[in-house]
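Coordinate analysis (summary)
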2 protein chains.
Amino acid sequence: MLIGGIEGGGTKFVCAVGDESGNVLEKISFPTRDPEETLKDTKAFFDRHSIEALGIGSFGPVDLDKDSASYGTILNTPKTRWKNYPLLDKLESDYQIPIFMDTDVNAACLGEYMYGAGKDYESCLYITVGTGIGAGFVQSGKIYQGRNHTEMGHIFVRQHPEDLFLGNCPYHGTCLEGLAAGPSIEARYGKKGSLLSNNDKVWEIQAYYLAQALINYTMILSPDRIILGGGVMKQKRLYRMIRERFTEMLNGYLQIPDASEFIVTPELEDEQGILGAMALCK
Amino acid sequence: MLIGGIEGGGTKFVCAVGDESGNVLEKISFPTRDPEETLKDTKAFFDRHSIEALGIGSFGPVDLDKDSASYGTILNTPKTRWKNYPLLDKLESDYQIPIFMDTDVNAACLGEYMYGAGKDYESCLYITVGTGIGAGFVQSGKIYQGRNHTEMGHIFVRQHPEDLFLGNCPYHGTCLEGLAAGPSIEARYGKKGSLLSNNDKVWEIQAYYLAQALINYTMILSPDRIILGGGVMKQKRLYRMIRERFTEMLNGYLQIPDASEFIVTPELEDEQGILGAMALCK
């Protein structure tokens, strides 16, 4: 059976076709623009293939409540042209096949759970630290969903004593995303994180926020493994710094595996999103 | 079928027998002392009844990993005589019947979910704010469990700008429990919360911490309803204050029900723990 996947990110869309075991036959990507233009490119790609099911991991927030009239609609996004856009309805009117939708980060988590760093674990939490911060949680093969989907990037964290930044989350100012997503680094220091590799303080502050978030996720979800990905995590030393801070903050309270086994890098490079989107079809 | 329940709290033990619909036939309670003394009283009660199953909601942390050699053992507790005590093994050696164990707060959450404020909801989070802070989460009739049980009272929160208290959690200092459990109020002001009813600042600070915790739980778990109980919540005005703070902090980011419907009082008075312990037998 040929299945399709869409990794619908805020910056780019990735479309792929492949089989049910995660083998990709063809894949393209293009920038995310207005919904009409973006979906025109999407349609042009899938029209060339006879897919029998389609999975989409979309940027959000997305209404994932199946009982809601706006199920499958993009909700409160800063991308104004996408706000309230009925993405699932639009795709369903284009293709008369089963379509499975979830958030981008939930799909990425499923990808890592099935084929990557989470594959030998009962559950895993996947966090992406990039333009925003999001997390997905898969347990026993099932994406965790509450009343609606989770929004783990918007938890409140305590501010680092040497960080005077006011935060740049438009809703919460200094929530985790407002303090530790990529744009907060640029807003604070006037340049991108990738140009600040030698500035220890930048990464010490970053590790402080992320370790704190991981403590909260661990206390609330008790995951078997935590996978940290996204553009900001390309600063590889962050892993060591976060593990050290995490161990220090946890202070032996929980019996968990060694931090180097518990907090890990993704194994699928940048493929977890599209593989996870395809895996939504199962 | 006659079933038994034990609400094994850090301060008192409650034992009850009843039926599978939550009707209690007889109930006693006594102070929690050393394990031997406490379980002697427990045994004396159940020896008078022919129960066919027993549920226990225990203070913790407890090892709830069924694959672990120490399954059913009390772990790192400040109650030194109970530390590493194999509670489930002990009960199983006393009674040749199925015994179901979970944490006290998970059992209480199940009680409210089945018979109380959570009964018409797909999921509910139950938080108790008393000697410590703990929370349980039930979704689709099932107590949420991760790798081990959750420890939601020990999340990190940001400190209220007017609160200079250093926190009294022996592991984390100023985690939520260290800043907002009953003993932190007494440590800060030199008297119990019940004697500080007229001091607005005390409750403003308390509401700040609890609202922040509820934001984090909501972002991470997306529950359908949040039930707040425990001794500290006997200050009824806290509900209004927490709802106001919560709404303000959330700042319209999520579409959730009105705070007065979302954040509520328990409906079972102090019966959720024992009813939930009995309900573990199902």
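Here, residues in each chain are numbered from 1, in the same order as that chain's written sequence. Going through the entries in the order they are written, you letter the chains from A and number the ligands from 1. For a predicted model such as this one, the threshold for reporting local features is a pLDDT of at least 70, and the threshold for listing and counting side-chain atom pairs is 80 or more; totals across whole chains, interfaces and linings nevertheless cover every residue. Calculated side-chain values reflect all of the structure's heavy atoms, with hydrogen atoms and water omitted.

**Some thoughts on the overall build of chain A**
Helix and strand assignments follow DSSP, with helices taken as H or I runs no shorter than four residues and strands as E runs no shorter than two, numbered in order from the N terminus. Counting secondary structure elements, chain A contains nine helices and 10 strands. Here chain A has a C-alpha radius of gyration of 19 Å; the compact-globule value for 282 residues is 19 Å, and the two agree. When the backbone C-alpha atoms are referred to their principal axes, chain A occupies close to 55 × 40 × 35 Å. Here the term buried applies to any residue with accessible area under 20% of the maximum for its type, exposed to any over 50%, and partly exposed to those in between, with areas from a 1.4 Å probe on protein chains only. The buried share of chain A, taken over its 282 residues, is 58%. To be clear on the numbers: accessible area is Shrake-Rupley with a 1.4 Å probe, and residue cover counts the displayed protein chains and nothing else. Here chain A displays about 11200 Å² of accessible surface, and carbon together with sulfur accounts for 49% of that area. We treat Lys and Arg as the positive residues and Asp and Glu as the negative residues; His and chain ends play no part in the count. For charged residues, the charge sits on one atom: NZ in Lys, CZ in Arg, CG in Asp, CD in Glu. When the 27 basic and 37 acidic side-chain charges of chain A are each reduced to a single mean position, those positions are 5 Å apart. Put simply, the radius of gyration uses C-alpha atoms, and a globule should come to 2.2 Å times the residue count raised to 0.38.

**So, the side chain of B:Asp163**
Assignment of secondary structure puts B:Asp163 in the loop between strand S8 (142–143) and helix H4 (176–180). Should any heavy atoms of two residues lie within 4.5 Å, those residues are considered in contact. Leave out the neighbours within four places in its chain, and B:Asp163 touches B:Leu179, B:Arg188, B:Ile205 and B:Tyr209.

**Re the nonpolar core**
Ranked by size, the top nonpolar core spans 96 residues in total, and within it A:Ile127, A:Leu176, A:Tyr217, B:Ile127, B:Leu176, B:Tyr217 and B:Ile242 carry the most contacts. The residues contacting B:Tyr217, other than those within four sequence positions of it, are A:Ile220, B:Leu125, B:Ile127, B:Met152, B:Gly153, B:Ile155, B:Leu176, B:Ser222 and B:Pro223. One finds B:Phe13, B:Leu39, B:Leu87 and B:Met101 within the second-largest nonpolar core, a separate group that totals 24 residues. The nonpolar core is taken to be a set of buried Ala, Val, Leu, Ile, Met, Phe, Trp, Tyr and Cys residues, with the residues joined through side-chain atoms within 4.5 Å.

**Examining the domain arrangement of chain A**
All names here are of chain A. Domain segmentation is taken from an automatic or database assignment of domains. The domain architecture assigned to chain A consists of domain 1 (3–104) and domain 2 (117–264). The C-alpha-based centres of domain 1 and domain 2 are spaced at 26 Å. Counting residues at the interface gives nine residues for domain 1, matched by eight residues for domain 2. As used here, buried area is the combined drop in accessible area, with a 1.4 Å probe, of two parts when they are placed together. Across the interface of domain 1 and domain 2, roughly 630 Å² is buried in total on both sides, 46% from carbon and sulfur atoms. For domain 1, the biggest contributors to the area lost against domain 2 are Leu64, Asn76 and Asp102; these three give 47% of the whole. Should a side-chain nitrogen of Lys or Arg be within 4 Å of a carboxyl oxygen of Asp or Glu, the pair is scored as a salt bridge. Counting across the interface, domain 1 meets domain 2 through zero salt bridges. Here a polar contact is taken to be a pair of N or O atoms separated by no more than 3.5 Å, where protein atoms must pair a possible hydrogen donor with a possible acceptor and residues adjacent in sequence count only if both atoms sit in side chains. Across the contact surface, domain 1 and domain 2 share three residue pairs in polar contact (both at pLDDT 80 or more).

**Some details on the relation of the copies chain A and chain B**
Of the transformation placing chain A onto chain B, the axial shift is 0.0 Å and the rotation is 180°, giving an RMSD of 0.0 Å. The superposition operator between the copies reduces to a two-fold rotation axis. When each C-alpha of chain A is compared by its distance to the rotation axis, A:Arg158 comes out closest, at 2.0 Å. Of the residues that chain A buries at the interface, 100% are likewise interface residues in chain B, meaning the two copies contact each other through the same surface. The atoms used to superpose the copies are C-alpha atoms, taken from residues with pLDDT of at least 70 in both, and the fit is least squares.

**Let's talk about the interface of chain A and chain B**
Each partner contributes residues to the interface: chain A has 43 residues there, and chain B has 43 residues. Buried surface at the junction of chain A and chain B, both sides included, amounts to about 3900 Å², of which 53% is carbon and sulfur. For chain A, the biggest contributors to the area lost against chain B are A:Arg147, A:Ile220 and A:Tyr253; these three give 23% of the whole. Applying the counting criterion to the chain A and chain B interface returns zero salt bridges. Here chain A is connected to chain B by 26 residue pairs in polar contact (both at pLDDT 80 or more). Elements that contribute at least two residues to the side of chain A that touches chain B include exactly strand S7 (133–139), helix H6 (200–221) and helix H7 (237–250) of chain A. Among the elements that make up the side of chain A that touches chain B, the one with the highest residue count is H6(A) (seven residues). Each residue gets one of three labels, nonpolar for Ala, Val, Leu, Ile, Met, Phe, Trp, Tyr, Cys and Pro, charged for Asp, Glu, Lys and Arg, and polar for the others, Gly among them. Considering only residue class, the side of chain A that touches chain B consists of 23 nonpolar, 16 polar and four charged.

**Considering the sheet that holds strand S4 (residues 53–58) of chain A**
Residues and elements named next belong to chain A. Strand pairing follows a simple DSSP-based rule, namely that at least 2 bridges must link the two strands. One open sheet accounts for five strands, arranged S3-S2-S1-S4-S5; its pairing is mixed. The two strands at the open ends of the sheet, each matched to only one other strand, are strand S3 (24–31) and strand S5 (99–103). Direction aside, neighbouring strands of the sheet carry axes that sit 15° apart on average. On top of the sheet, helix H2 (residues 87–94) reaches strand S1 (3–8), S4 and S5; it is set at about 160° to S5, its chief contact. Where helices are involved, their axes are fitted lines through C-alpha atoms of the stretch in contact, as for all axes, and angles between N-to-C directions lie from 0 to 180°.

**Looking at the confidence of the model for chain A**
Values of pLDDT, which run from 0 to 100, indicate the predictor's confidence residue by residue. Across chain A, the average pLDDT comes to 95, with 100% of residues at or above 70. We note a pTM of 0.94 for the whole complex and an ipTM of 0.94 for its interfaces.

**Focus: the environment of A:Pro61**
Turning to its location among the elements, A:Pro61 is positioned in the loop between S4 and H2. For the pair A:Pro61 and A:Leu39, spaced 22 residues apart in the sequence, the C-alpha separation amounts to 18 Å. Not counting chain neighbours up to four residues away, the residues in contact with A:Pro61 comprise A:Thr73, A:Ile74, A:Leu75, A:Asn76, A:His149, A:Glu151 and B:Tyr253.

**Considerations on the sheet that holds S8(B)**
Residue and element names in this part refer to chain B. Taken together, the five strands give an open sheet; going across it, the order is S8-S7-S6-S9-S10, and neighbouring strands pair in mixed fashion. The outermost strands of the open sheet, each flanked by one partner alone, are S8 and strand S10 (263–264). Note: strand S7 (residues 133–139) against S8, two bridges, orientation antiparallel. Counterpart to Val138 in the pairing with S8 is Ile143. Here helix H3 (residues 104–115) sits on the sheet and contacts strand S6 (123–129), S7, S8 and strand S9 (226–229); the angle it forms with S7, its principal contact strand, is near 45°.

**Points about helix H6 (residues 200–221) of chain B**
Residue and element names in this part refer to chain B. To estimate the expected span of a helix, subtract one from its residue number and multiply by 1.5 Å. With 22 residues, H6 ought to run about 32 Å at 1.5 Å a step, and its terminal C-alpha atoms sit 31 Å apart, in line with that. Where burial is concerned, most of H6 is hidden: 19 out of the 22 residues are buried. Where H6 begins, one side-chain oxygen reaches toward the backbone nitrogen of Lys201, 3.2 Å away; that side chain belongs to Asn199. Directly after H6, the chain includes Ser222, whose backbone phi takes a positive value near 50°.

**A short note on the packing of aromatic side chains**
Residue and element names in this part refer to chain A. Centres within 6.5 Å are what make two rings of Phe, Tyr or Trp a pair, Trp counting through its six-membered ring; a difference in plane orientation under 30 degrees is then read as stacked, over 60 as edge-to-face, and the rest as tilted. One pass over the structure, following the stated rule, counts 19 aromatic pairs over all chains. Ring centres of Phe45 and Phe46 lie 5.0 Å apart, and the angle between their planes is 75°; this geometry places the pair in the edge-to-face category. Taken as a pair, Phe45 and Phe46 share a single burial class, namely buried. Through pairs of rings, three or more aromatic residues link up here, namely Phe13, Phe30, Phe59, Trp82 and Tyr85. A ring is considered to have a charge above it if a Lys NZ or an Arg CZ atom is located within 6 Å of its centre and within 35 degrees of its normal. We note Lys79 situated over the ring of Phe59; from NZ or CZ to the ring centre the distance is 5.9 Å.

**A closer look at the pattern of salt bridges**
Residue and element names in this part refer to chain B. Scanning the model with the defined rule gives 36 salt bridges over all chains in all. Residues Asp163 and Arg188 are paired through a salt bridge, measuring 2.9 Å at the closest nitrogen-oxygen approach. Within this pair, whereas Asp163 is found in the loop between S8 and H4, its partner Arg188 is found in helix H5 (residues 182–189), the two being separated by 25 residues in sequence. Taken as a pair, Asp163 and Arg188 share a single burial class, namely buried.

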